[in-house]
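Here is how the chains run, residue by residue.
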Amino acid sequence: EQKKLVDKSAKRSKWVGELLRKIFPNNEIYGRGMMWAIYTANPKITQKVIRKCAEKGLLLVSTHGPAIKIGPPLTIPDEAIREGIEVIKEAFAEIL
């Protein structure tokens, strides 16, 4: 069971990275496994995006720097990942 979770996470890692790079082509995207970061190059924008996402019900990790960290549980459904990324996209659109 644990091996299945690890294998599924590895496959999803590639998919999440590709999705983030497609949706945020002007930002640097880094990640491994299910831990990802979107760099804004501006800590103030990062904090605004994180706050806006929290208002919309999506909790993200703040580094108090230019990175928005995303760390969903390994068992999260694909649709929930898409929804979360859509919330981040909306937050960026509202702030920029």
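Residues numbered from 1 in each chain as written. Predicted model: local features only at pLDDT ≥ 70, side-chain atom pairs only at ≥ 80, totals over all residues. Heavy atoms only, no water.

Visitor: How do you make sense of the overall build of the chain when you look at a structure like this?
Guide: A tally of helices and strands in the chain yields 3 helices and 4 strands. In the chain, the order of α-helices and β-strands from amino to carboxyl end is α-β-β-α-β-β-α. The C-alpha radius of gyration computed for the chain amounts to 13 Å, which stays within 12% of the reference 12 Å derived for 96 residues, consistent with globular compactness. Dimensions of the chain along its principal axes, counting C-alpha atoms only, are 40 × 25 × 20 Å. Across the 96 residues that make up the chain, the buried fraction comes to 34%. Long-range pairs, those at least 24 residues apart, make up 59% of the contacts in the chain between residues at least 6 apart in sequence. Charged side chains in the chain number 17 positive and 11 negative. The centres of these two groups are separated by 5 Å. (Helix = DSSP H or I, 4+ residues; strand = E, 2+ residues; numbered from the N terminus. Rg over C-alpha atoms; globule rule 2.2 N^0.38 Å. Buried < 20%, exposed > 50% of the residue type's maximum accessible area, 1.4 Å probe, protein only. Contact = heavy atoms within 4.5 Å. Lys, Arg positive; Asp, Glu negative; His and termini not counted. Charge placed at Lys NZ, Arg CZ, Asp CG, Glu CD.)

Visitor: What is the right way to read the packing of helix 2 (residues 43-55) against helix 3 (residues 78-95) from this model?
Guide: At a minimum axis separation of 9 Å, helix 2 and helix 3 run at an interaxial angle of 125°. In terms of orientation, helix 2 and helix 3 fall into the oblique class. Where helix 2 crosses over helix 3, the two elements pack in a sense that is right-handed. Of the residues in helix 3, those in contact with Lys48, Val49, Lys52 and Cys53 of helix 2 are Val87, Ile88, Ala91, Phe92, Glu94 and Ile95. Here the residues of the contact of helix 2 with helix 3 sort into 7 nonpolar, no polar and 3 charged. (Axes fitted to C-alpha atoms, helices over the stretch in contact; angles between N-to-C directions. Parallel < 35°, antiparallel > 145°, perpendicular 65-115°, else oblique. Left-handed = near helix turned anticlockwise from the far one by under 90°. Nonpolar A, V, L, I, M, F, W, Y, C, P; charged D, E, K, R; others polar.)

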